[in-house]
Amino acid sequence: MTKRTSQPLTIWFVIWDLALTVLAWLASYIARFNIDFLPFDPERQPEFGLYLRSLPPIILLAAIAYRFAGMYEVHRLRRFREELVAVGGGVGLMGLAVIATMFLQQKHFHSRLALGMFVVGSAVAILVIRRVSWMALRRLRARGVNQSHALVVGTGRLARRTVRTLRALSWSGIQSIGYVEDEAHSGPAADLPVLGNLMELPELVERHHIEHIFIALPLNRYADARRVFAALSQTVVDVQLVADLPTMAGMAFHTTQLHGLTVIGLRENPHHGLNVVVKRVMDIILAIIALIVISPVMALITILIKLTSSGPVLYRQERCGLNGRAFQMLKFRSMSVNAETAGPQMTATNDPRRTVLGAFLRVTNLDELPQLFNVLWGDMSLVGPRPERPVYVRKFSKTIPNYMARHAVKAGMTGWAQVNGWRGNSSLRKRVQFDLYYITHWNPFFDLRIIFLTVWRMLFQKQKHNY
C-alpha cells in the first residue's frame, strides 16, 4: 500500500543517466587520446570504433547497476545525501562490472586512466543533472506546480507540528488538506479541518485524491497505527509514520534492520567512522595554521601578562569533554592568582577578580587562544559545545534535559550556541538546544561556517557576554 516512485521523474532520470554515461564513455576516450595533456604510447591507442562497439554492453551494465543501487527510488522527500550515496554506489558498481566484463572477455584495449575518467565523469555528470533537475522541480512545486495531497492522522501536538513542517517544506509539493481522528481523541486543530475518523480513511483517500498519509500519533496511541494500516490495506498510498521520539532522545535517532526487526536508536551519534577522521584532520590543519598566524599575538600577550600581574601566564582548569571525560583546558590567565580560593564560581559581567589586562582578554576572547594546543592534543575540537567544569556538569545534568548529550562529541573552542549569542550568563537551556542542533546537523562546511562567524564577530561585532 505504498507509492514511493514518480514514474515520469524516474523515466527522466533513466534517460539522462544512460545518456550521460554514454557521453562520459566517449569523452574519456577523447580526453585520454585526443588531447595532448597526458603522454601515451600512440601504438597502444585503441581504435575509436572499438569504443563505439563497447557501448551496448556498457549501457546494459549501467542500467542494471543503477537500478540495483537504488538510483530510481524517487520520492518527494528524498534527500541529497541519499542521492549522493545511491549515485556513488551505482556508478561504482557499474565501473566494477565494466572492468570485470573486459577481463573475462580478455579485452585490454581500454586505458586504465580512461576508465577512471569515465567512472568519475559519469558520477559527476549524473549528480549535476540530478541536482539541477531537483532544484528546478522544487522551485516549481514551491510555486504550486506538481502538488499532491496528504492527510495527517491525529490532531495533537505532533500532528500540528507535522502540518507546520509540510508547509515549511513547500518544495516537496505535499499539501496537507486535513486531519483524520476518532471523535474520542479529537482535539483543537483550527489550522485545518478534521475530515473524518480512522475507519473512513479509504473513502477519504478516494474522495480527496490522497497520495500521502502521515501517522502523527503520540506514543500512548501507537496501537492505533495498526488500525490505520488495516484501513488502508486495500489502497495504494504512501504512508509515513512520524515518530514521537525527538523530545525523548534529544538527538537524531537512527533505524536499523536486524533480521526483520526494526530497531530505533534514540541516542545515535552522527560523529562516527569517516566523519571523525575528517573532523580531526580539519582540526589539526586549521589549528596549525592558526598557531602560525597568531603566534606573534600570543607572544605579545605572554609578555604583557608577565608585566602587568604576578603569577603564571597560562591557567589550567579541569573541564569535561568527550563522553564526560575530564581534561585540563588551557587559557591565558585573566584573573588574579587567588581568584578561586573560595571554590569554583561562575564568571560574571565586570567580574572584580579580573586583572587589568584580563578584562581586555576576556572581552576579546583572546584568553581562549591557548586552547589551540588542546585541539592539537585531541582534548578539544575547534568547533563543538563549550566545555564546562565537572561541578557544574553534575549540577546541570540533573536540571537541564538532555544536557549530557552535549558530551557525545568533543568540546569546542567555539560553537553554534556561541556565534548565536548564547554564551556566558545567557540561557543554559538555549545553549543546550543550539549545541544539540549542531551535533545532529554536523558537516565540515557547518564547522567552517561557525569558524568564519566566530572570527567575524570577534573582529567586527561587540561582544555581549563573556565566558
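The structure we're discussing is the one just above.
Residues numbered from 1 in each chain as written. Predicted model: local features only at pLDDT ≥ 70, side-chain atom pairs only at ≥ 80, totals over all residues. Heavy atoms only, no water.

This part is about the overall build of the chain. Helices and strands together make up the secondary structure of the chain, namely 16 helices and 11 strands. By residue count, 43% of the 467 residues in the chain fall in the buried class. Within the chain, contacts between residues at least 6 apart in sequence are counted, and of these 71% link residues at least 24 apart. Of the roughly 25400 Å² of accessible surface on the chain, 64% is carried by carbon and sulfur atoms. (Helix = DSSP H or I, 4+ residues; strand = E, 2+ residues; numbered from the N terminus. Buried < 20%, exposed > 50% of the residue type's maximum accessible area, 1.4 Å probe, protein only. Contact = heavy atoms within 4.5 Å. Areas by Shrake-Rupley, 256 points an atom, 1.4 Å probe, with all protein chains shown as cover.)

It is worth spelling out a nonpolar patch on the surface at this point. Together, Leu274, Val277, Val281, Ile284, Ile285, Ile288, Ile289, Ile292 and Val293 make up an exposed nonpolar region whose accessible area comes to about 820 Å². Following the sequence through the fold, isoleucine 289 ends up in helix H10 (residues 274-308). (Patch = residues over 30% accessible without salt bridge, like charges linked within 9 Å, V, L, I, M, F, W, Y side chains within 5 Å. Salt bridge = Lys/Arg side-chain N within 4 Å of Asp/Glu carboxyl O.)

For the pair helix H4 (residues 80-104) and helix H5 (residues 112-142), interaxial distance at closest approach is 10 Å and the crossing angle is 150 degrees. Taken as axis vectors, H4 and H5 run roughly antiparallel relative to one another. Judged by the twist between their axes, the crossing of H4 over H5 is right-handed. Two secondary-structure elements touch here, H4 through Phe80, Glu83, Leu84, Val87, Val91, Met94, Gly95, Val98, Ile99 and Met102 and H5 through Leu115, Phe118, Val119, Ser122, Ala123, Ile126, Leu127, Arg130, Arg131 and Trp134. Class assignment for the residues of the contact of H4 with H5 results in 15 nonpolar, two polar and three charged. (Axes fitted to C-alpha atoms, helices over the stretch in contact; angles between N-to-C directions. Parallel < 35°, antiparallel > 145°, perpendicular 65-115°, else oblique. Left-handed = near helix turned anticlockwise from the far one by under 90°. Nonpolar A, V, L, I, M, F, W, Y, C, P; charged D, E, K, R; others polar.)

With parallel pairing, five strands are arranged side by side in an open sheet as E3-E2-E1-E4-E5. Of all strands in the sheet, those bounded by a partner on one side alone are strand E3 (194-196) and strand E5 (238-241). Sheet twist, expressed as the mean angle between neighbouring strand axes with direction ignored, is 35 degrees. Note that strand E4 (residues 210-215) and E5 share four bridges and pair parallel. When the bridges of E5 are listed, isoleucine 215 appears paired with leucine 241. Along the sheet, helix H6 (residues 157-168) contacts strand E1 (148-153), strand E2 (174-180) and E4; its crossing angle with E2, the most-contacted strand, is approximately 165 degrees. (Pairing = 2+ DSSP bridges.)

Glancing now at the side chain of aspartate 283. Looking at the secondary structure, you find aspartate 283 in helix H10. For the buried aspartate 283, no salt bridge exists, and the shortest N-O distance to an oppositely charged side chain is 4.8 Å, to arginine 280. At 2.8 Å, the side chain of aspartate 283 forms a polar contact with the side chain of serine 381. For aspartate 283, the contacting residues outside a window of four places in its chain are Val375, Met380, Ser381 and Leu382. (Lys, Arg positive; Asp, Glu negative; His and termini not counted. Polar contact = N/O pair within 3.5 Å; in protein donor to acceptor, adjacent residues only side chain to side chain.)

On to the pairing of E4. Within E4, five of the six residues are buried, which leaves it mostly tucked inside the rest of the structure. Crossover E4 to E5 through helix H8 (residues 223-231) is right-handed. (Right-handed = clockwise from strand over helix to strand, strands pointing away.)

Quick look at the pattern of salt bridges now. Should the charged atoms of two oppositely charged side chains come close, the side chains can pair. For the structure on display, the rule yields 13 salt bridges. The salt bridge involving arginine 130 is made with aspartate 17; its shortest N-O contact spans 2.7 Å. Here arginine 130, found in helix H5, pairs with aspartate 17, found in helix H1 (residues 7-34); they are 113 residues apart in sequence, far enough to count as distant. Pair check on accessibility: arginine 130 and aspartate 17 agree, each one buried. The salt bridge involving aspartate 367 is made with arginine 362; its shortest N-O contact spans 3.9 Å. It is possible to trace a salt-bridge network through shared partners that takes in Glu181, Asp182, Arg221, Asp224 and Arg227.

Another aspect to go through is the environment of asparagine 220. In this structure, asparagine 220 sits in the loop between E4 and H8. A sequence separation of 24 residues divides asparagine 220 from aspartate 244, and the C-alpha atoms of the two residues are 9.8 Å apart.

The next subject is the nonpolar core. If you look at the biggest cluster of nonpolar residues, it comprises 41 residues, and the most contacted ones within it are Phe332, Trp416 and Tyr438. The contact partners of tryptophan 416, leaving out residues within four places of it in the chain, are Phe434, Tyr437, Tyr438, Phe446, Arg449, Ile450 and Leu453. One finds Trp25, Leu26, Ala123 and Ile126 within the second-largest nonpolar core, a separate group that totals 33 residues. (Core = buried A, V, L, I, M, F, W, Y, C linked by side-chain atoms within 4.5 Å.)

Let us now look at the packing of aromatic side chains. Evaluation of the coordinates by the stated rule reveals 11 aromatic pairs. Judged by centre distance (6.0 Å) and plane angle (15 degrees), the ring pair of tyrosine 392 and phenylalanine 396 falls under stacked. Residue tyrosine 392 and its partner phenylalanine 396 are both found in helix H13 (residues 390-399); the two are separated by four residues, about one turn of the helix. Owing to a relative accessible area of 10%, phenylalanine 396 belongs among the buried residues under this scheme. A network of ring pairs unites the aromatic residues Trp416, Tyr437, Tyr438 and Phe446 as a single cluster. (Phe/Tyr/Trp six-rings, centres within 6.5 Å; stacked < 30°, edge-to-face > 60°.)

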